[in-house]
Amino acid sequence: TAQELANTAWAFACVDWDEPQFFMALADASVKSMNTMSDQGQSQWYLVTVHFRLKWPRGYRFPMSKYRDKLKSVYERTQPGPTQLQRDVASSLAGIGWPFAFKHVTRQGLSIDMANLANQRAVEVVVRNPNPLSKTYAESGAGRLRNRLLERFGWKVVYVPFVEWDRLKTPDEKADYLRSKLAYYVFPY
């Protein structure tokens, strides 16, 4: 189905698969279903299209490129609103004087939780889901793909995992945590 093709292309983009012909074949098969494809499928194809253009900027004519504006519009429209966790981190960043735009959308349509536009720095609140097999936390494929794309567009991404943030109880602990995270990237704050 169209959704299965979108799921497959998106999953392989998430793991940074290095085979352009694979993506081209999936896109060719999906183009016929573009008008009936779900918002989820179109959003996935948007990220795959961005991934493809960054990875192989020359030499390939990607079938989904002609739908880029439509796919981008659906992707932007379906992005979730801010969470309480994101608001809490934003409040703490404001408290230490770090300038940022909240829920900034890049010209490529990628959403950044907190973006320092002057220095092209991004603070991403990463909600990592527990893996019951390894007893560790792993970032979602969607988050990993989006953050890799941001980095390829020149953004420096600072990760604030919820499991670390959740342990911090006082405003001072949160401020110190953010200062240490940001200092690694030599941020002025």
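Predicted model only: the values in this text are computed from it and were never measured.

## Quick word on the side chain of aspartate 113
Then step 1. As for its placement among the helices and strands, aspartate 113 is situated in strand S2 (residues 111-116).
Then step 2. Looking at aspartate 113, its side chain comes within polar contact range of the side chain of glutamine 86, at 2.9 Å.
Then step 3. In this structure aspartate 113 touches Gln86, Ala101, Phe102, Lys103, Val123, Glu124 and Val125, once residues within four positions along its chain are discounted.

## Overview of the packing of helix H2 (residues 20-31) against helix H3 (residues 39-55)
Then step 1. Where H2 contacts H3, the axes come no closer than 12 Å and their chain directions differ by 145°. Between H2 and H3 lies a crossing of left-handed hand. Of the residues in H3, those touching H2 at Pro20, Phe23, Met24, Leu26, Ala27 and Ser30 are Trp45, Val48, His51 and Phe52.
Then step 2. Residue classes in the contact of H2 with H3 are distributed as 8 nonpolar, 2 polar and no charged.

## Focus: the pairing of S2
Then step 1. Among the 6 residues of S2, 6 are classified as buried, and the element is accordingly described as predominantly covered.
Then step 2. Where strand S1 (residues 101-105) and S2 come together, 4 bridges link them in antiparallel fashion. Within S2, the residue paired with histidine 104 across the bridge is isoleucine 112.
Then step 3. Taken together, S1 and the strand that follows it, S2, pair antiparallel across an intervening segment of 5 residues, in which glycine 109 is found at a positive phi of about 90°.

## Section: the packing of aromatic side chains
Then step 1. Evaluation of the coordinates by the stated rule reveals 12 aromatic pairs.
Then step 2. Measuring from ring centre to ring centre gives 5.7 Å for phenylalanine 22 and phenylalanine 23, while their planes differ by 80°; the resulting arrangement is edge-to-face.
Then step 3. Feature note: the residues Phe12, Trp17, Phe22, Phe23, Trp45, Phe52, Trp56, Tyr60 and Phe62 constitute an aromatic cluster, connected by ring pairs.
Then step 4. Of note, lysine 55 hangs over the ring of tryptophan 56, and the distance from its end group to the ring centre comes to 6.0 Å.

## Concerning helix H1 (residues 2-14)
Owing to its 3.6 residues per turn, the α-helix aligns residues three or four sequence positions apart on the same side.
Then step 1. Between the first and last C-alpha of H1 there are 18 Å, a value that for 13 residues agrees with the 18 Å anticipated at 1.5 Å per step.
Then step 2. On the buried face of H1, the contacting elements are H2, H3 and helix H6 (141-152).
Then step 3. Within two residues after H1, aspartate 16 carries a phi angle of roughly 60°, on the positive side.

## Quick look at the pattern of salt bridges
Then step 1. Counted by the stated rule, this structure contains 10 salt bridges.
Then step 2. With its nearest N and O atoms 3.1 Å apart, the salt bridge here joins arginine 77 to aspartate 39. You can see arginine 77 sitting in helix H4 (residues 68-77) and its partner aspartate 39 sitting in helix H3, a full 38 residues away along the chain.
Then step 3. Aspartate 39 gets classed as partly exposed once you look at its relative accessible area, which sits at 33%.
Then step 4. Sharing partners across several salt bridges, the network here consists of Asp16, Asp18, Lys55, Arg148 and Arg152.

Each value, and the rule that gives it
Residues numbered from 1 in each chain as written. Predicted model: local features only at pLDDT ≥ 70, side-chain atom pairs only at ≥ 80, totals over all residues. Heavy atoms only, no water. Helix = DSSP H or I, 4+ residues; strand = E, 2+ residues; numbered from the N terminus. Polar contact = N/O pair within 3.5 Å; in protein donor to acceptor, adjacent residues only side chain to side chain. Contact = heavy atoms within 4.5 Å. Axes fitted to C-alpha atoms, helices over the stretch in contact; angles between N-to-C directions. Left-handed = near helix turned anticlockwise from the far one by under 90°. Nonpolar A, V, L, I, M, F, W, Y, C, P; charged D, E, K, R; others polar. Buried < 20%, exposed > 50% of the residue type's maximum accessible area, 1.4 Å probe, protein only. Pairing = 2+ DSSP bridges. Phe/Tyr/Trp six-rings, centres within 6.5 Å; stacked < 30°, edge-to-face > 60°. Lys NZ or Arg CZ within 6 Å of the ring centre and 35° of its normal. Expected span 1.5 Å × (residues − 1). Salt bridge = Lys/Arg side-chain N within 4 Å of Asp/Glu carboxyl O.

Keep in mind these values describe shape, not function.
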